Every structure is written in structure tokens, then in C-alpha cells.
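Fold and geometry: a report
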Amino acid sequence: MHENPSPPLSPALDQSWKELLQKEFGASYFLKLKEFLLEEKTKAVIYPPGRFIFNAFNLTPAGKVKVVILGQDPYHGAGQAHGLCFSVPDGIALPPSLRNIFKELNDDLGFPVAQNGNLEKWARQGVLLLNATLTVRANQAGSHQNRGWEEFTGSAVSALSQKYSDIVFLLWGRYAQAKEPLIDSRKHLILKAAHPSPFSAFSGFFGCRHFSRANAYLLSRGKEPVDWKLQ
């Protein structure tokens with residue numbers, strides 16, 4: 001029996017996000033997205049489970065966001081996706097991109113390479129781990145792209161940029177960098193690098209030092225830096 005993945009018209013979100021995004025839930029694209037998800041669940045397994053679709057928003061209230069990391073879409077393997085980009089639940093093997101993120105973290109700040117890929121610790125400190133697409137069909141990467149999620153998450157990025165200041169946006173790869181026009185670079189720090197995938201990590205992700213650079217910026221703005229250490 002498949003778990004219902006479809007978000008209600010007005011999802012159970014942290015109040016700060018609900019206020020920022022309320023107009024999206026009645027928009028025509030969101031209603032079409034909901035219809036698509038309802039149809040999908042009748043014929044396929046959808047990841048992540050429904051209760052985790054908005055996990056990034058609920059673990060990181062809008063007013064507490066310090067850093068935004070943008071991913072593409074959820075992992076499509078069983079048990080991997082739990083609503084935070086690049087993250088996997090406790091006990092799940094590290095995907096290659098996450099392993100490379102931990103390698104860069106080790107090179108940048110000297111922290112041991114974590115064996116646990118659960119990034120909830122980052123999320124609870126104000127790191128919004130946001131995929132551009134919030135659902136995917138099992139074993140079919142990118143299967144829910146261009147169905148409306150990108151507009152919804154783009155609205156979230158735009159709302160953060162407009163309402164708040166001094167946020168660090170980490171844009172890894174071309175897909176994430178496509179959201180750069182939504183961010184006011186006069187109010188925020190935008191750091192760009194190649195995607196941490198094994199196919200591109202050696203083309204500019206390794207050596208980017210985004211973790212230390214993000215913390216230096218936060219400190220310069222009088223904000224508490226992120227404790228990136230996971231073990």
C-alpha cells in the first residue's frame with residue numbers, strides 16, 4: 001500500500017513559511033501539481049513519504065534561515081529521501097554526492113568524514129536543505145520535474161531574498177544556479193561551485209571552501225556560525 005504523497009492545499013507548515021507561501025497553495029500550478037501527485041500515487045511509489053515532503057521547511061523556519069543549499073530532486077532509491085537535499089536518514093549508505101560534500105568539509109575545516117548522512121543537525125541550525133523538486137517516482141530520477149515544484153520552491157527562495165537579509169546561498173551546479181536571478185546579491189551572499197556529483201566535483205566543487213566562507217560571512221554580519229561538524 002502506497003503512502004499518500006500528495007500535499008494538502010495548505011500543507012502543515014511552520015507558521016513563518018505558511019505566511020510567506022500562502023498564496024502559492026491556491027495557485028493554478030499548485031492545484032495541477034496536487035492532481036498530478038494524486039494520479040501518480042495510484043500507479044507508482046513516490047519518495048519521500050508524504051510526511052517528509054515539506055521536511056526542509058518544517059525543520060528550518062523562514063526567520064531562522066542562515067544558509068540555503070539547493071538540490072535538484074529527492075533520491076529515488078528506497079529509504080533514501082526524507083525531504084532534505086543531499087541528506088539520507090540514519091543507517092542509509094552515503095550517496096556519492098554526499099560523500100564528496102563530506103570530503104570537501106574535511107578539506108575545508110578539518111572535520112572527520114562523517115559516516116552518517118543525516119543532515120538534520122544542519123537544518124535545525126538554520127541551513128535550509130531545499131530540493132527544487134520535492135517528490136520523485138521510485139527509481140526514476142527527475143520524474144517529477146517540470147510539474148510545478150520548481151515554481152513553488154522558486155517562490156520560497158524569492159520570498160527569503162525579499163523579506164530577509166544576510167543569508168548565504170550555496171548554488172552547486174547549473175540546476176541550482178538557475179535560481180540565482182531570484183536572489184538579491186546586494187542583500188545576500190551567493191557562492192557558486194560545480195555540483196558535488198562524482199561527474200563534476202573535480203571541476204570546481206573540491207576546493208570551493210564554501211563551509212568556511214559561509215561562516216566567515218555570517219560572523220561578519222553578527223550571526224552565529226553553523227557548526228558543520230556531524231561527528
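Residues numbered from 1 in each chain as written. Predicted model: local features only at pLDDT ≥ 70, side-chain atom pairs only at ≥ 80, totals over all residues. Heavy atoms only, no water.

In this structure, the largest pocket occupies an estimated 430 Å³ of space. Along the wall of the largest pocket there are 23 residues; nearest its centre are Q72, D73, Y75, S97 and H195. Classifying every residue of the lining of the largest pocket gives 10 nonpolar, 12 polar and one charged. (1 Å grid on protein atoms, 1.4 Å probe; cavity = no way out; pocket = protein on both sides within 12 Å on 5 of 7 lines; lining within 4 Å. Points joined across faces, edges and corners; volume = space filled by probe spheres on them. Nonpolar A, V, L, I, M, F, W, Y, C, P; charged D, E, K, R; others polar.)

Take the pattern of salt bridges next. Applying the stated rule across the entire model yields 10 salt bridges. Close ionic contact of K23 with E24 constitutes a salt bridge, the shortest N to O distance being 2.5 Å. Residue K23 is classed as exposed on the basis of its relative accessible area of 63%. In this structure, the salt-bridge partner of E40 is R137, at a minimum N-O distance of 2.5 Å. Of this pair, E40 sits in helix α2 (residues 28-40) while R137 sits in strand β4 (residues 136-137), and the two are 97 residues apart along the sequence. Residue E40 is classed as buried on the basis of its relative accessible area of 4%. (Salt bridge = Lys/Arg side-chain N within 4 Å of Asp/Glu carboxyl O. Buried < 20%, exposed > 50% of the residue type's maximum accessible area, 1.4 Å probe, protein only. Helix = DSSP H or I, 4+ residues; strand = E, 2+ residues; numbered from the N terminus.)

Scope: geometric values only; no functional claims are made or implied.
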